[in-house]
Amino acid sequence: MRKLLTLALMAFVLTAQAQEKTTVEVPGWVKNFKLSGYGMLQYQAEDKDGAEHNEFNLRLMRLIIDGKIGDFDFRAQMQGSSNAGPGNPTLMLVDLYAEWAKHKEFRVRAGQFKRAFTFENPTHPITQGWYSYAMVINNLSGFGDRTGEKASGGRDLGLQVQGDLFPNANGRRLLHYQVGVYNGEGINLKDKDNKKDIIGGLWVMPVQGVRIGAFGWTGTRGDMTWTETDGEGNSVNCKGSIRKNRYAISAEYDKDEYTFRAEYLHSQGWGVSRANEGKDSRVVDFTRGDKADGWYVFGIVPVIKSKLHAKARYNAYRPEKLWSTSKTMYEVGFNYFFTKNLQLNAEYARVNDRSLAKHNYNFVDVELDFRF
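Cut-offs used in this document
Residues numbered from 1 in each chain as written. Predicted model: local features only at pLDDT ≥ 70, side-chain atom pairs only at ≥ 80, totals over all residues. Heavy atoms only, no water. Helix = DSSP H or I, 4+ residues; strand = E, 2+ residues; numbered from the N terminus. Buried < 20%, exposed > 50% of the residue type's maximum accessible area, 1.4 Å probe, protein only. Polar contact = N/O pair within 3.5 Å; in protein donor to acceptor, adjacent residues only side chain to side chain. Pairing = 2+ DSSP bridges.

### Things to note about the environment of Asp156
Moving on, step 1. Tracing the backbone through its elements, the reader meets Asp156 in strand β6 (residues 155–167).
Moving on, step 2. For Asp156, a relative accessible area of 0% translates into the label buried.
Moving on, step 3. C-alpha separation for the pair Asp156 and Gly186, spaced 30 residues apart in sequence, amounts to 4.4 Å.
Moving on, step 4. A polar atom in the side chain of Asp156 sits 3.2 Å from the side chain of Arg115.
Moving on, step 5. From its side chain, Asp156 meets the backbone nitrogen of Glu185 in a polar contact 3.5 Å long.

Have a look at this one:
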């Protein structure tokens, strides 16, 4: 028995020593990188005349790597979605950038990232709180753009400087600025006309939770095609760039789970014959006019703190800056938080689309969103 106990003890000691020898030290720089992500599962239904539908959908999945080396922050983000339609999932690089972030007053970002336009554009798809960004954001902030740009989540390739200035006695900064130079083509595309988009924003934060700002955007989209009539009445095929001139006025209150935001956007510049379909379109449609605008106002308030939020939004877009072309959504709903990383969002909208023979219809969206 003693021999058996001795052998067992020796085996235990040798095993422990072997395990000790196989321990791997993780390099210090690895600890500066973080892997995260999220998924958004969706059900939608609407009773639009002649186009009724209801369906389950995989709205979005993203994997994110954030890192920090010295004074530089890094991000790489991949996206999978069904933007191309049922049975046609897409996988693409969404973000890839580095930012020199040593000073709060002056930071420099280079790569592919969100454009410096509007408060809503850079908002996280889950914390944004709705089934989608507002219609005017989708059409005039580079999501599925009026100029025919394919769905790009408001991103572009470029260089941006930004900073926060004038700290008060409590250290809270009172002024933010940001200016960017971009290709003007959207994500994962080279410049088509060697002309750059310039976008800037400036906002003040007079009290905690409040932002009041304005944005401007000027630029072009290259490699566009259109047809003109010459002096003899013949049709001539043309190719070149179309201009984009846009501005936005924004206001927001966001504090203690209360969020209120309103934005107005205006665009001058020709549009295309097909937009917001997740496809790249470059055929100019002069019949649509050269102006568009839109706005939204929403409120999200806690009913049960950290558990249940109620919400309402007025959401309007005019693709030709005419009421006869307007689409308006009156939306109400709730967001329920099972945990901080798992939530259920639901909303109902009464839609008035004046481009349709029968203007009014109902819309329902339910989403299960999670993070990891």
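### Here we look at the pairing of strand β7 (residues 173–182)
Moving on, step 1. Most of β7 sits inside the fold, with 7 of its 10 residues counted as buried.
Moving on, step 2. Sheet topology note: the β6/β7 ladder contains 9 bridges and is antiparallel. Looking at the pairing, Leu165 lines up with Leu175 of β7.
Moving on, step 3. Following β6, the chain reverses through 5 residues before pairing antiparallel with β7; Gly171 in that reversal takes a positive phi of roughly 90°.
Moving on, step 4. The sheet contact formed by β7 and strand β8 (residues 197–204) spans 8 bridges and is antiparallel. By the bridge assignment for β8, Gln178 is matched with Gly201.

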